Amino acid sequence: MHTRDTLIAIAKLYYIGNMNQSDIAELMRLSRPKVSRMLKDARAKKIVQFSITTPESHYENLQQRIESAFSLKKVLVAPSEPLPEKSKSGVCNLAANYFSSLVKDGCNIGIAWGSTTTGLIQHIPDRNMSDVQVYQLCAGLTSQNLFLDGHEATKQLARVLNAKHHVLNAPFIVNSGLMKNLLLQEPEIQKHFASFEQIDIAIVGMGSSDPAKSSTYMADYISLKESIELVEKGYTADIVGFRLHDDGSLADIPLNERVMSIGLETLKNVPDVIAIASGEDKVTSIIAAARGKYFNTLIIDEIAAIAIINKLGL
């Protein structure tokens with residue numbers, strides 16, 4: 001563990017002395033990767049703090065360019081922060097405000113589990129709604145990790161809105177397409193999936209291009225090796241558990257036949273689908289899902305917005 005004085009010295013050399021990391025490593029008798037880690041540590045400990053003046057027009061410009069590129073109903077961009085969790089929190093807060101403006105008495109709401117969708121719930125003020133129903137969009141049995149717990153996310157949102165909740169009692173990924181078809185014939189599950197046709201607002205997250213951050217892997221439905229292979233084969237984009245081609249079409253792979261989740265064509269027909277995501281690693285999924293028209297509202301952070309615009313050459 002390096003002292004605060006050492007972190008300050010490294011930061012001064014890099015940010016004020018304009019030395020590159022290799023030269024600092026040689027001067028300080030450290031490895032270059034260690035210098036890189038120390039610079040990150042200096043930011044985390046707020047030894048180094050950035051202040052970038054950003055006019056409101058900057059965010060409006062990002063929003064308009066992405067809206068136009070995908071013909072979306074709404075795009076909202078939250079400022080990015082040095083710490084990823086703070087950026088995610090900003091996105092969740094922005095999404096919570098937008099969602100709160102949409103929800104009305106008598107609404108049917110669907111929510112997919114994930115760290116961002118669960119985070120959104122924490123920012124919604126308690127509401128005393130009337131005749132609101134909340135449905136779990138993606139199956140998944142309870143988990144010790146809150147953001148992987150589809151049941152708990154559904155119940156939490158229902159509690160905040162004073163609504164009724166409807167959980168989906170099945171694994172997220174089943175053993176085969178045959179098993180999925182058999183489960184869909186169970187009256188309780190059949191009724192739950194039929195209710196998806198009546199949803200007014202759906203809240204969904206986006207899959208990560210990092211195999212180690214894939215929700216399917218983190219929830220122990222596939223191995224890390226399988227997660228890496230999916231990305232290597234080009235099946236990186238992920239929405240509500242389904243893997244997409246870059247053009248937004250559903251990938252013809254066995255995994256997609258085993259996903260217990262709202263169907264993509266059904267999702268398309270939901271009047272308001274709010275996709276929320278934070279970070280550059282969500283960009284592949286955002287672009288593919290936008291091309292597939294699986295959402296009409298996008299709420300992201302600034303880094304994701306900048307990455308989308310540059311990746312598309314907008």
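In case you missed it, the structure is sitting above this.
Residues numbered from 1 in each chain as written. Predicted model: local features only at pLDDT ≥ 70, side-chain atom pairs only at ≥ 80, totals over all residues. Heavy atoms only, no water.

**Notes on the packing of helix α1 (residues 4–16) against helix α3 (residues 32–44)**
Selection criterion: Interaxial angles span 0 to 180 degrees and are taken between N-to-C directions of axes, which are lines fitted to C-alpha atoms, for helices over the stretch in contact. By definition, any uninterrupted DSSP run of H or I lasting at least four residues is a helix, any uninterrupted run of E lasting at least two residues is a strand, and each is numbered from the N terminus. Angles below 35 degrees are treated as roughly parallel, those above 145 as roughly antiparallel, those between 65 and 115 as roughly perpendicular, and all remaining angles as oblique. It only takes one pair of heavy atoms within 4.5 Å for two residues to be counted as in contact. The residue classification treats Ala, Val, Leu, Ile, Met, Phe, Trp, Tyr, Cys and Pro as nonpolar and Asp, Glu, Lys and Arg as charged. All others, Gly included, are polar.
Interaxial distance between α1 and α3 falls to 9 Å at its minimum, and their mutual angle equals 100°. Overall, the two elements α1 and α3 adopt an arrangement that is roughly perpendicular. Along its contact with α1, which presents T6, L7, I10, A11, Y14 and Y15, the element α3 presents V35, M38, L39, D41, A42 and R43. Among the residues forming the contact of α1 with α3, the class breakdown is nine nonpolar, one polar and two charged.

**A short note on unusual backbone geometry**
Although it is not a glycine, K46 sits at a positive phi angle of roughly 60°. Although it is not a glycine, D220 sits at a positive phi angle of roughly 70°. If you trace the backbone, D220 turns up in the loop between α10 (215–218) and α11 (224–232).

**Topic: the packing of helix α13 (residues 283–291) against helix α14 (residues 302–312)**
Where we set the bar: Note on convention: near helix rotated counterclockwise from far helix by under a right angle means a left-handed crossing. Clockwise means right-handed.
Running from N to C, α13 and α14 cross one another at 65°; their axes reach a closest spacing of 10 Å. Relative to α14, the element α13 lies roughly perpendicular. Like other packed secondary-structure pairs, α13 and α14 cross with a definite hand, here right-handed. Side by side, α13 and α14 meet where V283, T284, I286, I287 and R291 of the first sit next to A304, A307, I308, K311 and L312 of the second. For the contact of α13 with α14, the residue count by class is seven nonpolar, one polar and two charged.

**So, the packing of aromatic side chains**
The line we're drawing: Working definition: rings of Phe, Tyr and Trp (its six-membered ring) pair if their centres are within 6.5 Å, and the pair is stacked with planes under 30 degrees apart, edge-to-face with planes over 60 apart, and tilted otherwise. Exposed residues in this analysis have more than 50% of their type's maximum accessible area, buried residues have under 20%, and partly exposed residues fall in between, with area computed by a 1.4 Å probe over protein chains only.
For the structure shown, the criterion picks out four aromatic pairs. The interplanar angle of 70° and the centroid separation of 4.9 Å between the aromatic rings of W113 and F172 together place this pair among those described as edge-to-face. A residue pair is termed long-range when its members are at least 10 positions apart, and W113 in the loop between β2 (108–111) and α6 (115–122) and F172 in the loop between β4 (164–166) and α8 (177–183) qualify at 59 residues. The exposure class of W113 is buried, given its relative accessible area of 9%. The buried category is assigned to F172, whose relative accessible area is 3%. A connected cluster of aromatic rings, assembled from ring pairs, spans W113, F172 and Y221.

**A look at the pattern of salt bridges**
Selection criterion: The working definition used for a salt bridge is a side-chain nitrogen of Lys or Arg within 4 Å of a carboxyl oxygen of Asp or Glu.
Tallied over the entire structure, the rule returns five salt bridges. Where K45 meets D41, a salt bridge forms, and the shortest distance between an N and an O atom there is 2.8 Å. For D41, a relative accessible area of 23% corresponds to the partly exposed category. Residue E152 is joined to R159 by a salt bridge in which the shortest nitrogen-to-oxygen separation is 2.8 Å.

**Looking at the environment of I47**
Mapped onto the secondary structure, I47 falls in the loop between α3 and α4 (56–70). Owing to a relative accessible area of 22%, I47 belongs among the partly exposed residues under this scheme. A C-alpha to C-alpha distance of 7.8 Å links I47 and L7, two positions 40 residues apart in sequence. Sequence-distant contacts of I47, that is, excluding residues within four places in its chain, are made with R4, L7, I8 and A42.

**Section: the sheet that holds β4**
Using the following cut-off: At least two DSSP bridges between two strands are required for those strands to pair.
Spatially, β1-β9-β8-β5-β2-β3-β4 is the arrangement adopted by the seven strands of the open sheet, whose pairing is parallel. The sheet is open, and its two edges are formed by β1 (74–78) and β4, each paired on a single side. With strand direction ignored, the average angle separating the axes of adjacent strands in the sheet is 15°. The sheet contacts of α4 involve β1 and β9 (297–301), and relative to β1 the element is tilted by about 145°. Running over the sheet, helix α5 (residues 84–102) touches β1, β2, β5 (201–204), β8 (272–277) and β9 and is turned about 155° from β9.

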